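If you want the building blocks of each chain, they are given just below.
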Amino acid sequence: MARYILNRLALIVPIILGVTLIIFLILAFIPGDPAQLMLGEAASAEAVAALRTELGLDKPLLIRYGIFLKQLLQGDLGTSYLQRAPVLKLIVDRLPATLELTLFAMFVGSVIGVVAGIISATKQHSLLDYTAMFISILGVSMPVFWLGIMLILFFSVNLGWLPVSGRGPGVIAALPAILNGDFDPLIQGLRHILLPSITLGTGLAALIARMTRSSMLEIIRQDYVKTAKAKGLPGKLVIWKHALKNALIPVITALGLQFGQLLGGAVLTESIFAWPGLGRLAVDAINARDFPVIQGVVLVITLGVVLVNLIVDLIYTFIDPRIRYS
Amino acid sequence: MEVATVVEQNSKPNFMDTHPRIKSMLSFCRRFAKSKSALFGLILVLLVLITAIFAPQLAPGDPYAINLMKRLAPPSGEELLGRDDFGRDILSRIIYGSRVSLQVGIASTLVALGIGVPLGLVAGYYGGRIDNLIMRFLDIMMAFPSILLALTLVAAFGASMISIILAIGVVSVPKYARITRSSALTVKSMEYIDAATVLGSSTFRVLFKHILPNCVAPIIVYATMGMAGAILTEAGLSFLGMGTQPPTPSWGGMLANGREFLRTAPHIATFPGIAIMLTVLGFNLLGDGLRDVLDPRLKS
C-alpha cells in the first residue's frame, strides 16, 4: 500500500512538469508585452526595456522555464506583475474561498444527487422517476452562469432574501466565533455561499443522480439484496444500507473525476458572484497578461485535481475491500 | 427489442426488408423511434440547425440594428423577446446567435475527432511504448482544468472564431483519444484483423479501414454529447469576454451583457440562457438515445 502511494506520488512529478511546460509554451504566444502593459502606453522605450530586464522577460523562453522550475523547487512561484506581490501569497489568500465553495457545491451535489438517484431507482418507471431524470438532464444542459444569474434574479433581486454577491465573512472563518456564542458571522457566511454552491453543485447533482440511479438499479437485482429482503429485513434498511454501500462505488469515482470539472465551473461561478477565489484570480490574470499568476493558479489547480484522484483511488480500498493495490 | 423482432417477422417481406443494409437501417430507426426522449432531442437539434441555416429568413429584424429609442424594451406582442441595451431585437440576435454556437460546436468537435481518434487508434493498436507515451501526454492534458486551458489558449491566439474552435477542440482531444483507444484495444485482437494483416493490408489500411469502423458507435455517441459540451464551453468563454466578440451575436456574450441590467431588464439575460439550455439539452438527449441504440454496453 505504502509503495503504491509512493509510486502514484512519483507520477505526479512528470504531470506537473508537463503542465507547467505546456502553459509556458502557450504563454509565449500571448501577444502584448507585460512590461508595456504595466507601465502604460506612455512609458518610454528605455523604461519598458529596464522593466523587461527586471522581470527577466528579456531572457530566452527555455531559460525562463529553467528559472521558474528552480524557484518552484524552493517554494517560490514568482511575483505577480500586476499586484507586485508573491504569487504564492495571492494563491494562499484566495484558496480558502475556492475550497469552501467547491466543498459546499460537492456537498449540495452529492446529497441531492444520491437521494434523487435512490428514489428514482426504487420507484423505477414511476412519474417521480421520470421527473427526476428529466430535471437531471436539464441540470447537465444548463449553463452554470445562466443558472447563477437566474438564482440571483429570483432570490436576491426579486425576493431580496439573499445577498447578490460576495463571500461575506466566509464560513470557515466564522467558525471560531461560534465558540464565543456568536452565530452571526456563520449565518452571514451561509447566506452568501448558498446561491453560489447551488449554482456550482447543480450540474454535479444531476450527474450523480443519473449515476446513482443506474448503479442502484444494477445492485438491487443482485442476489445478496434479494437474500436480505427474503430473510425479512425492512426494505428501507436493505436499500439505504446494504445496496447503497455498493452502489456508491462508481458514484465516488465520478465525484473524484468531477472535482476538476467543479474547479473549472468555479471559474465561472466565482465571476458571477464576485467570489474572491482562485477562479477569479485566474481570469483577472489572463486578462492582465499576469504570467506568473496564471502559471501559479494552473499549477495549484492541477496539483489539486491529481491529488484528489489519488485520494479517490485510496478511498476505494476502504469502501470495497475487494479492491487491493500492490 | 422483443417487440421489434416480432413486428419484423410478422410483416410481409418486401424490398425494403430484404436488402441487408436497409434492413439494419430500418431496425436502427425503429429502436431509435421507440425512445421518446431521443426523438425529442433529435427534434430540438434539427430545430436549432434549421434556425441557424435560415437565420436571415427567420429573424424578424436586423440583429445589428441599433434603436436607442427602444432601449431595454421588455417583451411585447411586437417584439417577442424585447430589446437589449442598444435597442437591438433580442429574438433576431438569438436566431443569429445559433450560428455561432453550432459552428463552434460542430467545428471544434471535428477538430477534437481529427486529432483524438487517430491518436487513440495508434495508441490502442501499437500498445507498448507508443501507447504509454501517448497516454501519459493525454494524462497531462486531462489534468488541466479545461476552461482555464481554453481561456489561456484564446488569450494567446486572439479571440477569433478560429482560435475559439481550436481551443475547445484541443481541450477535448483526450476524451476522444481514450474512447477510441479502448475500442481499438478490443477490436485489434479479433481474428479478422489478423486475417487482414496476413493478406498484406498496410497498417494504415488496417487502422482506418478495419479497426475504425468497429469503434465508430461509441465515438458517435460521445461526439454528440461532446457537441453539447463544446457549445457550453463557447458560451462560457463568451460570457467571460474571451469568446465571440461583440457586436457578433453569441448567446454567452448576450447573457454577460444582460447581467448589468438584471434589475431593470431581466429579459436580456433570461432568453439567451434558455436558447443555450434547449440546444445543449437536444444534443444530450440525442446522445443518450444513440447510446441506447448503438451501444448498450456504454449505458451507465
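Residues numbered from 1 in each chain as written. Chains lettered and ligands numbered in written order. Predicted model: local features only at pLDDT ≥ 70, side-chain atom pairs only at ≥ 80, totals over all residues.

## Considering the overall build of chain A
- Check the secondary structure of chain A and you find 13 helices and 0 strands.
- The N-to-C order of helical and strand elements in chain A reads α-α-α-α-α-α-α-α-α-α-α-α-α.
- Overall, chain A is about 85 × 55 × 45 Å in size when its C-alpha atoms are taken along their principal axes.
- Once local pairs closer than 6 in sequence are excluded, the contacts in chain A between residues at least 24 apart make up 71%. (Helix = DSSP H or I, 4+ residues; strand = E, 2+ residues; numbered from the N terminus. Contact = placed C-beta atoms within 7 Å.)

## Some words on the interface of chain A and chain B
- Tallying the contact residues gives 40 residues for chain A and 35 residues for chain B.
- Breaking the side of chain A that touches chain B down by element, the ones donating at least two residues are helix H1 (2-29), helix H6 (127-141), helix H7 (144-158), helix H9 (184-219), helix H11 (235-273), helix H12 (278-288) and helix H13 (291-319) of chain A.
- Among the elements that take part in the side of chain A that touches chain B, H1(A) stands out by supplying 9 residues, more than any other.

## Some points on the packing of helix H4 (residues 36-53) of chain B against helix H6 (residues 90-126) of chain B
Residue and element names in this part refer to chain B.
- With their axes 8 Å apart at the nearest point, H4 and H6 run at an angle of 110 degrees to one another. The angle between H4 and H6 falls in the class roughly perpendicular. Every residue of H6 that contacts H4 at Val48, Leu49, Thr51 and Ala52 is listed here: Ile95, Ser98, Arg99 and Leu102.
- Looking at the contact of H4 with H6, its residues break down into 5 nonpolar, 2 polar and 1 charged. (Axes fitted to C-alpha atoms, helices over the stretch in contact; angles between N-to-C directions. Parallel < 35°, antiparallel > 145°, perpendicular 65-115°, else oblique. Nonpolar A, V, L, I, M, F, W, Y, C, P; charged D, E, K, R; others polar.)

## Some details on helix H5 (residues 87-122) of chain A
- Along its 36 residues, H5(A) runs 50 Å from first to last C-alpha, staying within 8% of the 52 Å computed at 1.5 Å per residue.
- A maximum bend of about 35 degrees is found in H5(A) at Arg94(A), where proline Pro96(A) lies one to four positions downstream. (Expected span 1.5 Å × (residues − 1). Bend = angle between axes of the 7 residues up to and from the residue.)

## Details of the environment of Cys215(B)
Residues and elements named next belong to chain B.
- Within the element layout of this structure, cysteine 215 appears in the loop between helix H11 (203-211) and helix H12 (216-239).
- Placed 28 residues apart in sequence, cysteine 215 and valine 187 show a C-alpha to C-alpha distance of 7.8 Å.
- Apart from residues no more than four positions distant in its own chain, cysteine 215 is found in contact with Thr180, Ser183, Ala184 and Val187.

## Concerning the packing of H6(B) against helix H7 (residues 128-143) of chain B
All names here are of chain B.
- Put simply, H6 and H7 touch, their axes get as near as 7 Å, and they point 145 degrees apart. Read as a crossing pair, H6 and H7 show a hand that is left-handed. Between H6, through Leu119, Val122, Ala123 and Tyr126, and H7, the contact on the second element is made entirely by Gly128, Ile130, Asp131, Ile134 and Met135.
- Tallied by class, the residues present in the contact of H6 with H7 amount to 7 nonpolar, 1 polar and 1 charged. (Left-handed = near helix turned anticlockwise from the far one by under 90°.)

## What to know about the environment of Ser136(A)
Residue and element names in this part refer to chain A.
- One can find serine 136 in helix H6.
- Spatially, the C-alpha atoms of serine 136 and leucine 9 are 36 Å apart, while their sequence positions differ by 127 residues.
- In this structure serine 136 touches Ala116, Ala206, Ala209 and Arg210, once residues within four positions along its chain are discounted.

## Details of unusual backbone geometry
- A cis amide bond links Pro246(B) to the next residue, Pro247(B), at an omega of 5 degrees.
- Locating Pro247(B) in the fold gives a position in the loop between H12 and helix H13 (251-258).
- Residue His125(A) is not a glycine yet carries a positive backbone phi of 65 degrees.
- You can see His125(A) is positioned in the loop between H5 and H6.
- With 8 C-beta atoms packed within 10 Å, His125(A) lands in the exposed category.
- Backbone geometry at Arg289(A) places phi at a positive 55 degrees, although glycine is not the residue there.
- Assignment of secondary structure puts Arg289(A) in the loop between H12 and H13.
- The exposure class of Arg289(A) is buried, given the 21 C-beta atoms found within 10 Å. (Buried ≥ 20, exposed ≤ 12 C-beta atoms within 10 Å, placed from the backbone.)

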